[in-house]
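Overview (structure and organization)
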Amino acid sequence: MKKEFSDCYDLVVYQIYPRSFKDSNGDGIGDLLGVLSKLDYIKELGANAIWLCPVFKSPQCDNGYDVSDYRDIDPMYGTMEDFERLLAAAHEKGIKIIMDFVANHTSSEHEWFRQARSSKTNPYHDYYYWADTPLNDWRAEFGGSAWEFNAATNEYYLHSFAVGQPDVNWTNPKVRDEFKEIIDFWVEKGVDGFRCDVLDHVSKDFEKDLRRNGPHLHEYINEVFGRENLKNIYTVGEAETTEESILATCGQDRNELKSVFQFSHLAVGRIGRYTPAPHRLDDVKNILTSWQDFTAKHDLLYVLLTDNHDRPWFNSRVGNDRELRYESATNIATTVFLLKGIPFIYEGQEIGAANSVFSDLSAFNDVECLGYYFEQKGKILEDKLLEEINFGSRDNTRRPFAWDGSATHGFTTASAPWLPYASRSDEINLEADLKGKHSVWRYYRDLFALRRDREVLRRGEFRQLFPERENCFIYLRENENEKILVVCNFENEQTVEGLPEGKMLLSNLDRLGGANGKYAPYECAVYEIWK
Ligand code: ISL
Ligand code: CA
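I will try to describe carefully the structure that is included in this document. What you see is a predicted model; the values in this text were computed from it and never measured.

1. Looking at the coordination of the calcium ion (ligand 2)
Every protein donor of the calcium ion (ligand 2) is listed here as D23 (OD), N25 (OD1), D27 (OD), I29 (O) and D31 (OD), and their distances to the metal cover 2.2 to 2.4 Å. Read N to C, the donor residues that coordinate the calcium ion (ligand 2) are spaced as D-x1-N-x1-D-x1-I-x1-D. Its relative accessible area of 36% is what places D27 among the partly exposed residues.

2. As for unusual backbone geometry
Despite not being glycine, Q60 has its phi angle at roughly 70 degrees, a positive value. With respect to the secondary-structure elements, Q60 resides in the loop between β3 (56-57) and β4 (69-73). With phi around 65 degrees, Y522 is a residue other than glycine that occupies positive phi space. Its location among the elements puts Y522 in the loop between β21 (517-519) and β22 (524-530). Overall, the relative accessible area of 5% leaves Y522 in the buried class.

3. Quick word on the site of ligand 1
Contacts to ligand 1 come from 19 residues, most closely from D62, E141, E238, R273 and D310. Separating an oxygen atom of ligand 1 from a side-chain N or O atom of D62 is a distance of 2.6 Å. One of the side-chain nitrogen or oxygen atoms of E238 is found 2.7 Å away from an oxygen atom of ligand 1. Residue classes in the shell around ligand 1 are distributed as 4 nonpolar, 3 polar and 12 charged.

4. Digging into the pairing of strand β1 (residues 13-16)
Taking every second residue as pointing to the same face, both faces of β1 are buried, with V13 and Q15 on one and Y14 and I16 on the other. Sheet topology note: the β1/strand β15 (residues 342-346) ladder contains 3 bridges and is parallel. Across the sheet, residue V13 finds its bridge partner in β15, namely F344. Direction of pairing for β1 relative to strand β2 (residues 49-52): parallel, over a ladder of 4 bridges. Bridged to I16 within β2 is L52.

5. Focus: the sheet that holds β22
Sheet architecture is open: 5 strands sit in the order β16-β17-β18-β22-β20, paired in antiparallel fashion. Lying at the two open borders of the sheet, with one neighbouring strand each, are β16 (461-465) and β20 (503-507). Across the sheet, the mean angle from the axis of one strand to that of its neighbour is 25 degrees, orientation sign disregarded. Pairing of strand β17 (residues 472-478) with strand β18 (residues 483-489) involves 7 bridges; the strand directions are antiparallel. Bridge pairing in β18 places E478 opposite K483. On top of the sheet, helix α8 (residues 281-298) reaches β16 and β17; it is set at about 140 degrees to β16, its chief contact. Running over the sheet, helix α10 (residues 325-337) touches β17, β18 and β22 and is turned about 140 degrees from β18.

6. So, the sheet that holds β1
Read from one edge to the other, the open sheet built from 8 strands follows the order β11-β10-β9-β5-β2-β1-β15-β14, with strand pairing classed as parallel. Of all the strands in the sheet, the pair left with one neighbour each is β11 (259-260) and β14 (303-305). In the sheet, strand β9 (residues 193-197) pairs with strand β10 (residues 234-237) via 4 bridges, with the strands oriented parallel. Its bridge partner being in β10, C196 is matched across the sheet by G237. Along the sheet, α10 contacts β14 and β15; its crossing angle with β14, the most-contacted strand, is approximately 175 degrees.

What counts and how
- Residues numbered from 1 in each chain as written.
- Chains lettered and ligands numbered in written order.
- Predicted model: local features only at pLDDT ≥ 70, side-chain atom pairs only at ≥ 80, totals over all residues.
- Heavy atoms only, no water.
- Donors = N, O, S within 2.8 Å, 3.2 Å for Na, K, Ca; no water.
- Buried < 20%, exposed > 50% of the residue type's maximum accessible area, 1.4 Å probe, protein only.
- Helix = DSSP H or I, 4+ residues; strand = E, 2+ residues; numbered from the N terminus.
- Near = heavy atom within 4 Å.
- Polar contact = N/O pair within 3.5 Å; in protein donor to acceptor, adjacent residues only side chain to side chain.
- Nonpolar A, V, L, I, M, F, W, Y, C, P; charged D, E, K, R; others polar.
- Pairing = 2+ DSSP bridges.
- Axes fitted to C-alpha atoms, helices over the stretch in contact; angles between N-to-C directions.
- Contact = heavy atoms within 4.5 Å.

Below, the structure written as C-alpha cells:
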C-alpha cells in the first residue's frame, strides 16, 4: 500500500533552539513561554510546524541532548504546564509541534544510569554498554576515548558523545520498551512528530567495528516507530544518508520513518569541521539535483535545509555574508526551498544571520568545539586554533536571536544572555532587516507564501534546465496544471538565454526584465510559465 505522505508535503518546519530564541522571565535563557510569545511571528513567516530542540530535564552538558528525565520539562525552560500551554496555542494557530527524540544516550544523571553504574547486578545495569577494559579505540565525538571508567563496578562504559552521555543498549528489549513508552507519553499529550537524534547509532556492531548502522538498526526502528499508533506522526531521522540507507529507512516498502535528513550539501566549503575549503554554489546545486532525482525515482520524502544548531551559518560558509549578504541569503533560500521536499528553516537564517568572530574562549559554550580546543591546545598556534573554532563552532548558530538593535537585542531583559550575542548583532537583527529596502525576512515570507499558494511548488515534479551551465541553477517545478521556472544566478554576473518567458512571481532584486537577460551576482527570480 502506497505510503500516505500527502500532508507531509504541506509542512514548513521552523527549528527552535529554545535556549536562544526568546527569554520570557529575564534570566538570560530562552524558554517555552518565550516561544509561546513568538508563535504569530513563526506563523507570519509561513511555518506551520516547530521542531523544538530538547527541553527535557537535563544537566545541560550538551545543552539538553543529555536527558535526565524524558517525561518532564527542565525548569530552565519552564514547567510541563508551560509546555502544554505552548502545545495548545500552537495547535490553535495551526502549528504542529515536533519534539526532539534523543534515544542513543541518556544523561549520566538519568535514574537508569545512576542505578546501572551502582552495581553489576543492578536491574538497570544492562541498559548501557559495559566492558572490563575498553573494547576498542573508539573516540568520543566530543574528544577523548569513548570509554569512561566507572569505579563502583570497576568497568568502562561507552559514550559516543560526551562523558555525561552514556550510550543506551538497544539490544536490551527493556530499553526499546522504555523508549516506546516515552514516545507514547508525548503522543498522548498531542505532539505531532519526532526528530530522532543520531538514530543510526542505536545499533552498533563491536565485532565489525561499527559505531552505527549495526545489523539490527531497521528492526529496532520498525519495532519502535512502525507501530499503528504512530501512523499519523511525522518522523525525521538524523541518520546515515547513503542512498541505500535512506531507502532502507524511508522506502515505500518500509515501515520505519517518514523521512531522514540528508546533509551532504552542507559539507561544501569545509574539510572536517574546522577547516575552510574552496567552494562554489554549483557544488551545492549538483548534490541537491542528484537527491531530487533519487527521491523522485523512489517516491521518497526529502528534507530541504541549509542550517541547523550543529553547523555554522551556511550563507557565511558558501555564500557571501558581507557586501552581498541579502542577495546571497535569498538566492540560497530560493535555490533550496523551491525544490521538492519539506523545508526546515533554522531560527535566524530568515534574517540573514552570519558567523561570529570572538578572540576569547569564554565566548564559546559548545562541548564539541571546546573538546576540540583542549585536544589541540599546544599542538597548533593559539591564533590558528581560535580561528578554527570561530570557523567551525556550533556556537555560531546558537547565539541568542537578535530581535532588535537594542543592547539586549529584544532577546532578554537580563543584562547578559547565557551566550554572548553574535558579534554582528548590531548590524544583523530582525528590526534592522525589516527597515531595509531589501529584507531577507520579507523575502522568506514571500517565498513560503508562494509555496503555500502554489500546489506545484509542494507536490510538482522537479526538472533541471541547462544542467551543463555553470554558476547558476535553473529548474522547473511542474504538474498537469502549472509550470513554474526558478532561475538562480550564483556568484558571478552572467547573461542567461534560451529560457521560456512567463509572469514573474518573485525576485530578490526587483528584476525588470523577463527570465532571459543579464543577472547580477546572486540575483534570482521565479516565473509562472503557464497555469
Ligand atoms: O554536527 C555534526 C556534523 O556537522 C555531527 O557530528 C553531530 O554531532 C551529529 O550529527 C550528532 O548531532 C546530534 O547529536 C549530538 C548533539 O550534540 C547534536 O546537537 C545533535 O544534533 C549528541 O546528542
Ligand atoms: Ca528564561
